[in-house]
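Architecture at a glance
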Amino acid sequence: MDETSDEPPTSAVLLDNCHFSQVIFNNVEKFYVPGGDVTCYYTLTQNIVSRRKDWVGIFRVGWKTTREYYTFLWAPLPGDIYSDTNVQQQIQFKAYYLPKDDEYYQFCYVDQDGVVRGASVPFQFRAETEDDILVVTTQGEVEEIELQNKNLRQENEELKATCAGLQKQTIDLQEELKRTQELQNNLDSLRSSAETLELELNSLKKENKHLKELDDCRVAELHQLKEQIQNVTSEKEHLENRLKTVLDHMDQLQSQVLNYEKEVENLSQTDRAKTEQLESLKEENRELRVTRPQQVKPSRSVTVLGGARVERLRHPWQGEQTHDLMKELEEQKRLFQILQAKKNEADEENQKLREENDGLLRRLLQARGVSSISVTPQAQAAVPAPGAGGLLFGNPYCGEITWHSASLRKCPMCDEVFPEDVETSQYEAHVQSHLLECPLCSETFEKSNKQVFDDHMFCHGLE
C-alpha cells in the first residue's frame, strides 16, 4: 500500500497519550477526487524535532493504534532540524495508493517511536457535486462549452454509427464462421461416410465374388433339376388338377366362413344395441327409485348367479319391456349358436382339405426328387406359396393357399400366428384364454368387453 518496502515504526500507544498539537495540517479539503494525486500540507511546530524515521500516514476515522494505517510516506527532514520557528512541509500521495471507497479518512504525523504528533480533520475520496461547489462562468465560456458539447454529440453519433457498422460486420463474420464450421462438419461427415462406403464396397466385391462361385454351382444343379422336372411332368399335371379342385372347394368354404362371420358381427352389433337399451332401462329404473320413493314401492328380490348378487325391481310397464327384450335376446342367441355351429363345421372341413392339400404337395415334391432339400420345417412354412420353383408353369393359387393356411393358424383375438406343428388343443386353449363363458347358457364373450358379459349375467337375473 506504500511506495517503499520498509515498514513504518508503529506502537500500540493509546490515543490519550498522543500529542496532536505538535504537527498542524493545513489546507485539508473536505473531499478529494478519486484518481488524482493528493498533496498534504503540514506545519512542524517548535515543540517537535524531526527525525529520519518520522512518517505521515492516511488512517480511516475510528482507528485505535498506529498499526491501522492505510498508506504512508516518509516525512522529509527540514533544512534546520533545531529551528526555533515553525517549518512548512508538504508531501504528495500518488493516486494508485489512495483508498477507493467513500469512507472518512485523516492525515496523521507519527514519529519514529510510533507516537502520533498531529492529526488532520476528516475528509473523503469522492467526486465533486453541485452542492459542494459553485462555478461562475461567462457568456463566452457558456457558448464555447455548448459548441464543445455539440461537437462531442456529433462525434458521439458518428462513433455510434461506426460501432453499429462494426457490430453488423461482427455478426456477419460470426454467421460466416458458423457456416464455415457447418461446412467443415459436413465435410468431415462426408469423409467418414466415404470411408464407410469404401469399406462396404470392398466387402460387397468379396461377397459378389463368392456369389459368382456359388452361381456356377447353382447352374450345374439347375441343369440336373431341369432333367428331373421333365421326368415328373405328367404326374405334376395330374396333381395340379386335383389341387385346383381342392382349392376351389376351399374358396367356397372360405366364402361361407366370411358370410358367417359377417352375420356374427351383425348379431354382435344387435346384441350391443340391446345391451345399451338394457342399460338405459337400468338408468331409468334408478331415476324412478330416486324421484318416486313414496308413490311406487316396488318389491325387491335377490337372485344369486355364479356367486353374483342381482337386485330386481318389479314394475308393471317394465316387466313387458324386459320380457320383449329378453325374447329378442334369446332369438339372437339361438341364431348365433346355429351360425357358430355351421362355422365350426366349415372350419373342420377346411382343416381336412388343408391336410389333404399338404399331402398332395408333399407327393409332388417327392416325385420331383427334391424332398431332401425342400421338405424341412422352413419349407413347410413356405409350401402354401411355392412360386415358380414349385411347379413348371407356376401355381396360380399360391396366394389363396397362403391366406387360408394363415387364417387357420391365426388367433382371431390377438392376431398371433402359430406354427403348423402346434397341436390343435394348444391353439384352442390360447383362443379360449381371451374369452369369458356364461355358466348358465355357455355363451362366450371377449374379455376386453367385460361390460357386455356383466349385462348378460344381469339379464339372466331378470328372468
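Residues numbered from 1 in each chain as written. Predicted model: local features only at pLDDT ≥ 70, side-chain atom pairs only at ≥ 80, totals over all residues. Heavy atoms only, no water.

Some remarks on the side chain of Q124
Definition in use: The secondary structure listing takes helices from DSSP runs of H or I that are at least 4 residues long and strands from runs of E that are at least 2 residues long, numbered from the N terminus. Identification of polar contacts relies on pairs of N or O atoms within 3.5 Å, with a donor-acceptor requirement for protein atoms, meaning one able to donate a hydrogen and the other able to accept it, and with residues adjacent in sequence counted only if both atoms are side-chain atoms. We call two residues in contact whenever any of their non-hydrogen atoms come within 4.5 Å of each other.
By the secondary structure assignment, Q124 is in strand β9 (residues 123-125). At 2.7 Å, the side chain of Q124 forms a polar contact with the backbone oxygen of D102. One polar contact links Q124 to Y104, side chain to side chain, over a distance of 3.3 Å. In contact with Q124, other than residues within four places in its own chain, are K30, F31, Y32, D102, E103 and Y104.

A few points about the nonpolar core
If you look at soluble globular proteins, the nonpolar side chains tend to sit buried side by side. For the record, the criterion: Residues belong to one nonpolar core when they are buried, are Ala, Val, Leu, Ile, Met, Phe, Trp, Tyr or Cys, and are joined through side-chain atoms within 4.5 Å. For each residue, the accessible area found with a 1.4 Å probe, counting protein chains only, is set against the maximum for its type, and the residue is called buried under 20%, exposed over 50%, and partly exposed in between.
With 21 residues, the main nonpolar core has F25, C40, Y42, V56, F93, F107 and Y109 as its most contacted residues. Those elements that provide at least two residues to this core are β1 (23-26), β3 (38-44), β4 (55-60), β6 (87-93), β7 (104-110) and β9. Counting 10 residues, the second largest nonpolar core, distinct from the first, contains V246, L253, L353 and L364.

Considering a nonpolar patch on the surface
Selection rule: Patch membership requires more than 30% relative accessible area and the absence of a salt bridge. Residues of like charge join within 9 Å; the nonpolar side chains Val, Leu, Ile, Met, Phe, Trp and Tyr join within 5 Å. Note that accessible areas follow from Shrake-Rupley with a 1.4 Å probe, and for residues the cover is restricted to the protein chains shown. By definition, a salt bridge exists where a carboxyl oxygen of Asp or Glu is found within 4 Å of a side-chain nitrogen of Lys or Arg.
Taken together, the side chains of V49, L77, I81 and Y82 make up a nonpolar region of the molecular surface, amounting to roughly 390 Å² of accessible area. In this structure, I81 sits in the loop between β5 (69-74) and β6.

Here's the deal with the UniProt feature "coiled-coil region" (unreviewed entry) in the chain
Heads up, the condition is: UniProt positions are given in the numbering used here, feature names are shortened, and annotations may be inferred rather than shown by experiment.
With numbering aligned to this structure, UniProt lists the feature "coiled-coil region" (unreviewed entry) at residues 135-291 and 329-363. Helix and strand shares over residues 329-363 are 100% and 0% respectively, and the end C-alpha atoms of the span are 51 Å apart.

Focus on empty space enclosed by the protein
Worth spelling out the cut-off: Only protein atoms enter the calculation, which uses a 1 Å grid: trapped sets of points that fit a 1.4 Å probe without letting it out are cavities, open sets showing protein on both sides within 12 Å along at least five of seven lines are pockets, and any residue with an atom within 4 Å of a point is a lining residue. Grid points are joined across faces, edges and corners, and a volume is the space filled by probe spheres set on the points.
Applying the stated criterion across every chain, the model contains 4 cavities of 30 Å³ or more. The computed volume of the second largest cavity comes to approximately 70 Å³.

A closer look at the packing of aromatic side chains
The test is simple: Centres within 6.5 Å make a pair out of two Phe, Tyr or Trp rings, where for Trp the six-membered ring is used; the pair is then stacked when the planes are under 30 degrees apart, edge-to-face when over 60, and tilted otherwise. Counting as a charge over the ring demands two things of the Lys NZ or Arg CZ atom: a distance within 6 Å of the ring centre and an angle within 35 degrees of the ring normal.
For the coordinates displayed, the defined rule picks out 18 aromatic pairs. Aromatic side chains F59 and W63 sit 5.1 Å apart centroid to centroid with 45° between the ring planes, which places their arrangement in the tilted category. Each member of the pair, F59 as well as W63, is classed as buried. A centroid spacing of 5.8 Å and a plane angle of 70° characterise the contact between F445 and F453, whose relative ring orientation is edge-to-face. For the pair F445 and F453, one class covers both residues: buried. Counting every residue linked through ring pairs, the aromatic cluster contains F25, Y32, Y42, Y70, F93, Y105, F107, Y109, F123 and F125. The ring centre of F31 lies 4.8 Å from the NZ or CZ of R126, which sits over that ring.

A short note on the sheet that holds β3
Whenever strands of a sheet pair, they do so through backbone hydrogen bonds, lying parallel or antiparallel. The condition is simple: One bridge is not enough; two strands pair if DSSP finds at least two bridges between them. In this analysis, axes come from line fits to C-alpha atoms, helices being fitted only over the stretch in contact, and the angle between any two N-to-C directions falls in the range 0 to 180 degrees.
One open sheet accounts for 3 strands, arranged β1-β3-β6; its pairing is antiparallel. Of all strands in the sheet, those bounded by a partner on one side alone are β1 and β6. When the angles between neighbouring strand axes are averaged without regard to direction, this sheet yields 30°. Sheet analysis places β1 next to β3, joined by 4 bridges and oriented antiparallel. Across the sheet, I24 pairs through a bridge with T43, a residue of β3.

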